[in-house]
Amino acid sequence: MVEINIDVRYPDCDQMAVVHHAVYPIWYEMGRMAIFEKCGFNYTATKKLGIDPAMVHLEMNYGKPVRFPQTVTLKTYCSLLQGKKIGFKYELFQNRDSEPSATAESFHIWVKDGASVNIETDFPEVFSAYKKELDSNG
């Protein structure tokens, strides 16, 4: 799990200073990038290997509007890891709330040169780094 703080920017909001729904996937990507960094295979490192975790599904749930100005906390978890698949869960908190204001899950497949690839067999160093992260989530 990684936890990052995000400053809500005014340009990301509508006229009522509520964060637009299209901003949340950007925040979730920031959480994934933080997980990749923590695992030792950041986006640049995986790109050098020629692999990319292409998103094939994103499900988002909005509970409480996020408004400008404030800083929100995003918790990102690696929730699924198989040779060709990786999944993440996200919880967005504001004002030190105990319940998340928004949650999401994303599902990705590993691709290289536009085709699915199995990182467990083809890139075992990447797979083991992510497995360690998944195992640490309990």
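Note that this is a predicted model, so its numbers are computed, not measured.

Student: Is there a simple way to think about the overall build of the protein in this case?
Tutor: Assigned secondary structure in the protein consists of four helices and six strands. Of the regular secondary structure in the protein, the N- to C-terminal order runs β-α-α-β-β-β-β-β-α-α. Dimensions of the protein, computed from the C-alpha atoms along their principal axes, are close to 50 × 30 × 20 Å. Across the 138 residues that make up the protein, the buried fraction comes to 39%. When contacts within the protein are restricted to residue pairs at least 6 apart in sequence, long-range pairs at least 24 apart make up 68% of them. In the protein, the 15 positive side-chain charges and the 18 negative ones have mean positions that sit 1 Å from each other.

Student: I'm lost on helix α1 (residues 24-39) in this one. Help?
Tutor: Under the 1.5 Å per step criterion, the end-to-end length of α1 is 23 Å for 16 residues, consistent within 8% with the ideal 22 Å. Residues of α1 that are buried: Tyr24, Trp27, Tyr28, Gly31, Arg32, Ala34, Ile35, Phe36 and Cys39. Where α1 terminates, the next one or two residues include Gly40, which has phi positive at roughly 95°.

Student: Can you help me understand the packing of α1 against helix α4 (residues 124-136) in this one?
Tutor: Angle between the axes and distance between the axes: these two values describe a pair of packed helices. With their axes 9 Å apart at the nearest point, α1 and α4 run at an angle of 110° to one another. Classified by the angle between their axes, α1 and α4 sit roughly perpendicular to one another. Counted together, Ile35, Phe36, Lys38 and Cys39 of α1 and Ala129, Tyr130 and Glu133 of α4 form the full contact between these two elements. Along the lines of polarity and charge, the residues of the contact of α1 with α4 split into five nonpolar, no polar and two charged.

Student: Just checking my understanding: could you explain the confidence of the model for the protein for this structure?
Tutor: In low-pLDDT regions, the fine details of the predicted coordinates are not to be read closely. Across the protein, pLDDT averages 95, with 99% of residues at or above 70. The weakest mean pLDDT in the protein belongs to α4 at 90; the strongest belongs to strand β5 (residues 102-112) at 98.

Basis of the calculations
Residues numbered from 1 in each chain as written. Predicted model: local features only at pLDDT ≥ 70, side-chain atom pairs only at ≥ 80, totals over all residues. Heavy atoms only, no water. Helix = DSSP H or I, 4+ residues; strand = E, 2+ residues; numbered from the N terminus. Buried < 20%, exposed > 50% of the residue type's maximum accessible area, 1.4 Å probe, protein only. Contact = heavy atoms within 4.5 Å. Lys, Arg positive; Asp, Glu negative; His and termini not counted. Charge placed at Lys NZ, Arg CZ, Asp CG, Glu CD. Expected span 1.5 Å × (residues − 1). Axes fitted to C-alpha atoms, helices over the stretch in contact; angles between N-to-C directions. Parallel < 35°, antiparallel > 145°, perpendicular 65-115°, else oblique. Nonpolar A, V, L, I, M, F, W, Y, C, P; charged D, E, K, R; others polar. pLDDT = per-residue confidence, 0-100.

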